[in-house]
Amino acid sequence: MEHGSLEDSSASTFSIMEEDHTLANSVRFVLNQDPRVSFCGYSIPHPAENKVNIRVQTTGDPAKDVLKDALQDLMVMCQHIRGTFDTRVADFRGNKPAEAMDIDLNKK
């Protein structure tokens, strides 16, 4: 849910339900890397409530568009990390003899 002004689309607060510090801090980090962002921060209104408020102020672009771009960038980063991790695990398993990995080869 977006809370912002109809006159100024460059500053908005977005409420994201069912999320916590994990997503909020990652989004904040990505947003702060964007030169279009003049301010970004987040808050969690109450520890018992699974809700995050992310405040975005830009240099002129609509805050909603900048947040969408940041979320897309974060998704690409996560996909890259997952792909790299999976590749390294496969390489590790392929380069190590089964006896050293404590795998029961007779188990199906």
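Scroll up to find the structure this text is about.
This is a predicted model, so every value here is computed, not measured.

A. Here's a closer look at the environment of Met17. In this structure, Met17 sits in strand S2 (residues 11-17). When the C-alpha atoms of Met17 and Asn50 are compared, they prove to be 6.0 Å apart, with 33 residues separating the residues in sequence.

B. Geometry of the pairing of strand S4 (residues 51-58). Bridge analysis of S2 against S4 gives 7 bridges, and the strand direction is antiparallel. Residue pairing for S4: Ser12 is matched across the bridge by Val56. Inspection of the sheet shows strand S3 (residues 37-43) paired to S4 by 6 bridges, in the antiparallel sense. Bridge assignment links Tyr42 to a residue of S4, and that residue is Ile54.

C. Main features of the nonpolar core. Core analysis: the largest hydrophobic core is formed by 15 residues, its most contacted members being Val27, Leu31, Ile54 and Val56. When residues of this core are assigned to their parent elements, the largest contribution, 5 residues, is made by helix H2 (residues 63-95). The residues contacting Leu31, other than those within four sequence positions of it, are Val37, Cys40, Ile54, Val56, Val66, Leu67 and Ala70.

D. Representation of the pattern of salt bridges within the structure. Per the counting criterion, the structure on display carries 5 salt bridges. The salt bridge partner of Arg36 is Asp34, with a shortest N-O separation of 2.8 Å. The partner of Arg36 in a salt bridge is Asp61, with the nearest N and O atoms 3.4 Å apart. Placement of the pair is Arg36 in the loop between helix H1 (21-33) and S3 and Asp61 in the loop between S4 and H2, with a sequence separation of 25 residues. What makes Asp61 partly exposed here is its relative accessible area of 29%. Look at the salt bridges and you will find they share partners, linking Asp34, Arg36, Asp61 and Asp69 into a network.

E. Layout of H1. With 13 residues, H1 ought to run about 18 Å at 1.5 Å a step, and its terminal C-alpha atoms sit 18 Å apart, in line with that. Ala24, Val27, Val30 and Leu31 are the residues of H1 that are buried. Summarising the axial view, the buried residues of H1 lie within an arc of 135°, below the 170-degree limit, and thus occupy one face. Those residues of H1 that are exposed and angled more than 90 degrees off the buried face are Thr22 and Gln33. Turning to H1, the residues buried within the fold contact S3, S4 and H2. For H1, the side-chain oxygen to backbone nitrogen distance between the N-cap and Thr22 is 3.1 Å, and the N-cap itself is Asp20.

Here is what the cut-offs are and how they apply
Residues numbered from 1 in each chain as written. Predicted model: local features only at pLDDT ≥ 70, side-chain atom pairs only at ≥ 80, totals over all residues. Heavy atoms only, no water. Helix = DSSP H or I, 4+ residues; strand = E, 2+ residues; numbered from the N terminus. Pairing = 2+ DSSP bridges. Core = buried A, V, L, I, M, F, W, Y, C linked by side-chain atoms within 4.5 Å. Buried < 20%, exposed > 50% of the residue type's maximum accessible area, 1.4 Å probe, protein only. Contact = heavy atoms within 4.5 Å. Salt bridge = Lys/Arg side-chain N within 4 Å of Asp/Glu carboxyl O. Expected span 1.5 Å × (residues − 1). Arc of directions from axis to C-beta. Polar contact = N/O pair within 3.5 Å; in protein donor to acceptor, adjacent residues only side chain to side chain.

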